[in-house]
Amino acid sequence: MPYLAKILLYPVKSLDGVEVENARVLASGALQHDREFAIFDEQGKFVNGKRHAKIHLLRAQFALLNRTISLQIPDGDLQQIFHLDEERQALEATLSAFFEFAVTLGQNSLMGFPDDTHSLGPTVISTATLAEVASWFPGLSVDEMRRRMRANIEIGGVPAFWEDQLFSEQGDLVSFRVGDVQFFGVNPCQRCIVPTRDSYLGEAYPNFQRIFATQRQATLPNWVASSPFNHFYRLSINTQLPPSSAGKILQIGNDVDIFPQQSQHFLKIKNTK
């Protein structure tokens, strides 16, 4: 039976995640603390893994209740601990010194800073999928693939690519529930350059995207809706959550249920960024 096996939050976009036992759904449908902060350059652009491979070298740990981040700078002797609200200027100065250009730390507690501003819900993948995809790349572990894909919710007790039933033909949503939290599956997530790189060192895996797309097409279940696949460099599911899910809690061990497929139009969620 499908169940919620892992919840991963990424408090600062592009930095390390933190595994939690439960997570609260915000009114926007995002998970509290996920991508709540992001690093920006002086032009207001994201300083992230897509644009700056150097960011992979930073190690971060978070104490969510204490609102602190512990940073390990490469070649640094000690971790540096900062309060995300009270010591933000000092954190920005440390990050600016690391990147060698001025950066600031932006905050959005309402919806975070997701890549897909139309589907603000947590991304979903299964543990078996991560294991299968890792097997395509000699030398890569399941945990390393998990770090590269950066999904929020991991489903256990199911076969690889189980989550591919959580989307339908373009324009339709698939309704499912995790515990008492309702979700709508939207589409398979288009991947960027980040999964091609070592999550600790930023070094590229040779031909990662080509190998991935070839294997993804070859292993795509024959029952999967084909229209969302304009290419096969896609993995994990983007979601939306209805207003009725706001304030509810996702908990490790929650059962997962898929409802009979219904034709529904995309939810319109105002971008409050």
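Residues numbered from 1 in each chain as written. Predicted model: local features only at pLDDT ≥ 70, side-chain atom pairs only at ≥ 80, totals over all residues. Heavy atoms only, no water.

### A closer look at the overall build of the protein
Under the convention used in this document: Numbering of helices and strands starts at the N terminus; helices are DSSP runs of H or I of at least 4 residues and strands are runs of E of at least 2. Buried means the residue's accessible area, taken with a 1.4 Å probe over protein chains only, is under 20% of the maximum for its type, while exposed means over 50%, and partly exposed covers the values in between. The criterion used for residue contact is that any of the two residues' heavy atoms lie within 4.5 Å. Using a 1.4 Å probe, accessible areas were evaluated by the Shrake-Rupley method; residue-level cover was limited to the displayed protein chains. Under the convention used here, Asp and Glu are negative, Lys and Arg are positive, and both His and the chain ends fall outside the count. A charged residue contributes its charge at one atom only: NZ of Lys, CZ of Arg, CG of Asp or CD of Glu.
Of regular secondary structure, the protein possesses four helices and 15 strands. By its C-alpha atoms, the protein is 50 × 45 × 35 Å across when sized along the principal axes. Here the protein holds 273 residues, and 53% of them are scored as buried. Restricting to contacts in the protein with at least 6 residues of sequence separation, those with at least 24 account for 72%. Within the structure as shown, the protein displays about 12600 Å² of accessible surface, and the carbon and sulfur contribution to it stands at 50%. Here the protein holds 25 positive side-chain charges and 29 negative ones, and the gap between their average locations is 5 Å.

### So, the nonpolar core
The following threshold applies: Remark: nonpolar core denotes a set of buried residues (Ala, Val, Leu, Ile, Met, Phe, Trp, Tyr, Cys) joined through side-chain atoms within 4.5 Å.
Within the largest apolar cluster, 27 residues are counted, with the highest numbers of intra-cluster contacts made by Ile7, Phe183 and Leu250. Residue assignment for this core shows that the elements contributing at least two residues are strand 1 (3-9), strand 2 (18-20), strand 10 (153-156), strand 11 (174-178) and strand 12 (181-190). At three residues, the largest contribution of residues to this core is made by strand 1. Residue contacts for Ile7: discarding those within four places in its chain leaves Val18, Glu19, Val20, Glu21, Asn22, Ala23, Leu31, Asn152, Leu250, Gln251 and Ile252.

### Notes on the pairing of strand 12
Counted only if it meets this: Criterion used throughout: strands pair if DSSP finds at least two bridges between them.
Among the 10 residues of strand 12, eight are classified as buried, and the element is accordingly described as predominantly covered. As paired strands, strand 11 and strand 12 are joined by five bridges and run antiparallel to one another. Residue pairing across strands places Phe176 opposite Phe183, the latter belonging to strand 12.

### Observations concerning the pattern of salt bridges
This is how the line gets drawn: In the sections that follow, a salt bridge refers to a side-chain nitrogen of Lys or Arg positioned within 4 Å of a carboxyl oxygen of Asp or Glu.
Scanning all chains against the criterion turns up 15 salt bridges. Lys13 is the salt-bridge partner of Asp115, the closest N and O atoms lying 2.8 Å from each other. Of this pair, Asp115 sits in the loop between strand 8 (104-107) and strand 9 (124-126) while Lys13 sits in the loop between strand 1 and strand 2, and the two are 102 residues apart along the sequence. Owing to a relative accessible area of 6%, Lys13 belongs among the buried residues under this scheme. As a salt-bridge pair, Glu100 and Lys54 come within 3.9 Å of each other at their nearest N and O atoms. Pair noted here: Glu100 is in the loop between helix 1 (88-99) and strand 8 and Lys54 is in the loop between strand 4 (37-40) and strand 5 (59-63), with a separation of 46 residues, a long-range link. On the basis of relative accessibility, which here comes to 68%, the residue Glu100 falls in the exposed class. On the basis of relative accessibility, which here comes to 32%, the residue Lys54 falls in the partly exposed class. Each member of the salt-bridge network shares a partner with another, and the members are Glu36, Arg67, Asp85 and Arg88.

### What about the side chain of Glu163?
Worth spelling out the cut-off: Whenever a nitrogen or oxygen atom comes within 3.5 Å of another N or O atom, the pair is scored as a polar contact, on the condition that within protein one atom can donate a hydrogen and the other can accept it, and that pairs from neighbouring residues in sequence are kept only if both atoms are in side chains.
Tracing the backbone shows Glu163 in the loop between strand 10 and strand 11. Buried charge without a salt bridge: Glu163, with Arg216 as the nearest opposite-charge side chain at an N-O distance of 5.9 Å. At 3.0 Å, the side chain of Glu163 and the side chain of Ser126 are in polar contact. Ignoring anything within four residues of it in the chain, the contact list for Glu163 reads Val124, Ile125, Ser126, Thr129 and Ile237.

### Quick word on the confidence of the model for the protein
We count it as follows: Confidence scores labelled pLDDT are given residue by residue by the predictor and lie between 0 and 100.
Model confidence for the protein is summarised by a mean pLDDT of 93, while 95% of its residues fall at 70 or above. Low pLDDT, under 50, characterises residues 263-273; the predicted model gives this stretch 30 contacts beyond four residues in sequence or across chains.

### Overview of helix 1
Our working definition: An expected span of 1.5 Å times one less than the residue number is assigned to each helix.
For helix 1, spanning 12 residues, the distance from its first C-alpha to its last is 16 Å, which sits close to the expected 16 Å at 1.5 Å a residue. Looking at helix 1, one finds that the buried residues are Arg88, Leu91, Glu92, Thr94, Leu95, Ser96, Phe98 and Phe99. Buried residues belonging to helix 1 abut strand 4, strand 6 (68-72), strand 7 (80-83) and strand 8. One or two residues past the end of helix 1 sits Glu100, with phi positive at roughly 70°.

### What to know about the state of the cysteines
Basically, it comes down to this: Put simply, a disulfide is two cysteine sulfurs that come within 2.5 Å.
In total, this model carries zero disulfides according to the counting rule given. Note on Cys189: no disulfide assigned, nearest cysteine sulfur contributed by Cys192 at a separation of 8.0 Å. On the accessibility criterion, Cys189 (15% relative accessible area) is buried. Relative accessible area serves as the criterion here: at 24%, Cys192 is assigned to the partly exposed category.

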